[in-house]
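Descriptive analysis of the structure
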Amino acid sequence: MQWARMKPLRVGLLLETRASDAYTAALCDWLAEHGDLELALVLVTDGAPPGLAGRKRRPAARGPTAPQPSPQPSPRTPLLFAGVMALECQLLRHYEAHRAHLDVVDVAALAAARGVPVRSVAPSAAAPDPASAAASDAALPAISDPELAGFDLDLLVCCDGATCDERLGGAARLGAIGIDYRRDRIAGGAPIGFWETYHRTRKTGFAIVRLGRPGEAGQVLVEGAFRTKYSFLLNQAHLFCKAHAQLRRLLDDVAATRKLPAVRDPVPYSGCCLASPGSLHALRYAFKLAGRLGMRGLRRILGIRHKWTLSVTRSGWRNAVLWRGVPVAAPDGHFWADPFLRVHAGRIFCFVEDYVYATNRAHISVLEITQADVKCLGVALREPFHLSFPFLFEYAGRLYMCPETSESNQIRIYKCDEFPLRWSLDSVAIDGISAADSMFFEHRGRWWLLTSIDRAGLNDHCSELCLFHAPDPLGGAWTPHPMNPLYIDTDMGRNAGLIVDEGRIYRAAQRQGFDQYGEGLALYEIIELDETRYSERKVTDIRHDYLQRSLGSHHISSDGDVTVVDIKTHCFAP
């Protein structure tokens with residue numbers, strides 16, 4: 001029997017004003033081109049522009065030729081903070097992925113050009129911005145209750161700070177949802193992402209909520225956090241880009257299931273109310289930012305780079321006293337990281353990421369650990385793209401490797417032709433995916449794949465952990481787990497190794513710091529795993545400051561007699 005395809009999910013967008021941001025414009029385009037979602041209606045309220053922190057509203061402009069905004073102080077903005085904003089805008093120009101962050105787009109005109117009805121939710125709509133070349137000469141027609149009901153909306157998405165009343169939320173079968181960047185609920189006019197950068201917090205968070213009545217906290221559907229960046233406008237842009245990628249993922253899921261995800265249990269907020277920064281805060285932040293930029297520039301001038309070094313402890317992981325480990329450094333111009341141990345014919349081998357500073361890329365090399373020393377045997381795998389995280393697993397009596405190959409947009413599996421230095425491509429587990437640090441293992445007759453995904457195209461795989469399962473690892477028939485993503489959190493969202501000990505499975509996870517990759521790691525035991533459920537418990541944190549001058553650690557491997565971790569330091573690598 002051939003099943004009829006379900007009709008597209010009808011989605012409406014609610015905007016505060018017709019002049020919105022580039023993220024809402026991208027969402028509008030994405031919905032209009034989606035096969036299972038239909039952009040059925042755009043609604044515009046009559047409120048003042050929401051004024052996302054750091055934005056200067058300007059005529060609609062899109063693309064690389066759009067002029068960059070020059071923020072001017074509003075009556076409530078301290079002059080010093082306006083100066084900080086001008087500096088932040090100059091910094092943002094150096095990040096190609098975020099150059100559109102301050103763009104303002106007439107989303108109503110964009111939707112109308114695609115044939116999408118655009119209405120005002122107020123009795124009489126304000127005239128469009130006359131400076132916008134795309135703006136209509138006529139005011140938007142107001143929508144009546146019968147007309148609103150006639151659009152038969154399944155879901156309303158509130159964008160750019162727009163608030164939703166009961167009338168609008170009730171017009172959609174599934175209600176209204178939106179992104180909440182202010183997790184304290186009462187942050188007032190605090191710039192989004194500013195205080196996290198100011199206080200050097202490790203991560204900056206968001207939530208996608210189902211909206212209730214005005215003034216009420218929304219019900220959390222999805223929440224996550226990403227590594228805080230060194231400047232607040234960059235931090236804000238990164239957060240917005242990542243959060244909108246999660247919003248699109250949620251809409252994909254709703255289109256497939258025809259329902260919203262389960263609401264998460266509410267928890268108390270124990271932070272302070274974050275107000276807008278004053279002149280003194282702006283001055284302090286300016287000095288902090290100048291110090292960070294100065295240190296970055298000094299390190300670049302002096303050729304100081306991060307260097308990962310191995311630390312070998314000759315005991316199993318449970319009894320490892322890591323400060324007794326012996327450091328093993330790569331030759332000049334290289335670093336070694338992501339160690340994976342393999343015992344073969346009574347000898348202990350260690351597969352590592354071998355990073356070359358001259359090319360800013362890595363290949364996979366093999367070390368042998370003996371009682372006397374550690375020696376490099378040679379290159380196991382080299383590709384025209386970056387390789388790292390050489391995860392090893394056995395299947396049907398053969399040895400396979402799945403290195404990190406996110407630059408190829410594939411999860412690749414290589415087979416061992418001659419141990420340890422001859423490998424060839426066997427299959428592609430998943431194609432068209434930006435994934436990193438993938439791990440395969442068998443459990444109760446099925447194969448499982450844990451990997452970290454970057455949906456936003458920012459080459460940041462440090463937060464979103466996803467799980468897939470298949471009857472075998474080579475067939476390519478991977479089914480996403482219904483709990484995906486398992487985490488959206490920089491404390492546990494990226495793998496750091498896998499230890500199987502007496503039938504118990506332990507997943508190592510990286511922990512990221514403020515503007516820092518690989519601050520530390522922790523071990524989690526997987527205690528529940530099947531086609532519908534996944535849970536794990538934290539066993540321990542693995543610190544890095546047992547060694548002098550250590551800046552971080554992000555990987556562990558153990559074979560029962562030897563344990564290897566990597567540690568981060570500084571080195572001169574002009």
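Above this text sits the structure in question.
Described in the following lines is the structure provided in the data block. Keep in mind the model is a prediction, meaning the values are calculated, not measured.

What counts as what
- Residues numbered from 1 in each chain as written.
- Predicted model: local features only at pLDDT ≥ 70, side-chain atom pairs only at ≥ 80, totals over all residues.
- Heavy atoms only, no water.
- Buried < 20%, exposed > 50% of the residue type's maximum accessible area, 1.4 Å probe, protein only.
- Helix = DSSP H or I, 4+ residues; strand = E, 2+ residues; numbered from the N terminus.
- Pairing = 2+ DSSP bridges.
- Salt bridge = Lys/Arg side-chain N within 4 Å of Asp/Glu carboxyl O.

Concerning the pairing of strand E1 (residues 9-15)
With respect to burial, E1 is a largely interior element, 7 of its 7 residues being buried. Residues Leu9, Val11, Leu13 and Leu15 line one face of E1 and the alternating positions Arg10, Gly12 and Leu14 line the opposite face, and both faces are buried. As defined by bridge partners, E1 adjoins strand E3 (residues 37-44) across 7 bridges and the pair is classed as parallel. Residue pairing for E3: Gly12 is matched across the bridge by Leu41. The sheet contact formed by E1 and strand E6 (residues 155-158) spans 4 bridges and is parallel. Note that in E6 the partner of Gly12 across the bridge is Leu156.

Some thoughts on the pattern of salt bridges
For the structure shown, the criterion picks out 34 salt bridges. Between Arg422 and Glu418 there is a salt bridge, with its nearest N and O atoms 3.2 Å apart. For Arg422, a relative accessible area of 49% corresponds to the partly exposed category. Relative accessible area serves as the criterion here: at 46%, Glu418 is assigned to the partly exposed category. Between Asp437 and Arg494 there is a salt bridge whose closest N-O contact spans 2.7 Å. Taken as a pair, Asp437 in strand E20 (residues 435-443) and Arg494 in the loop between strand E24 (487-488) and strand E25 (495-501) lie far apart in primary sequence, 57 residues in all. For Arg494, a relative accessible area of 9% corresponds to the buried category. A cluster of three or more residues bridged by salt bridges with shared partners is formed by Arg202, Lys203, Asp489 and Asp491.

Read these as spatial facts, not as claims about activity.
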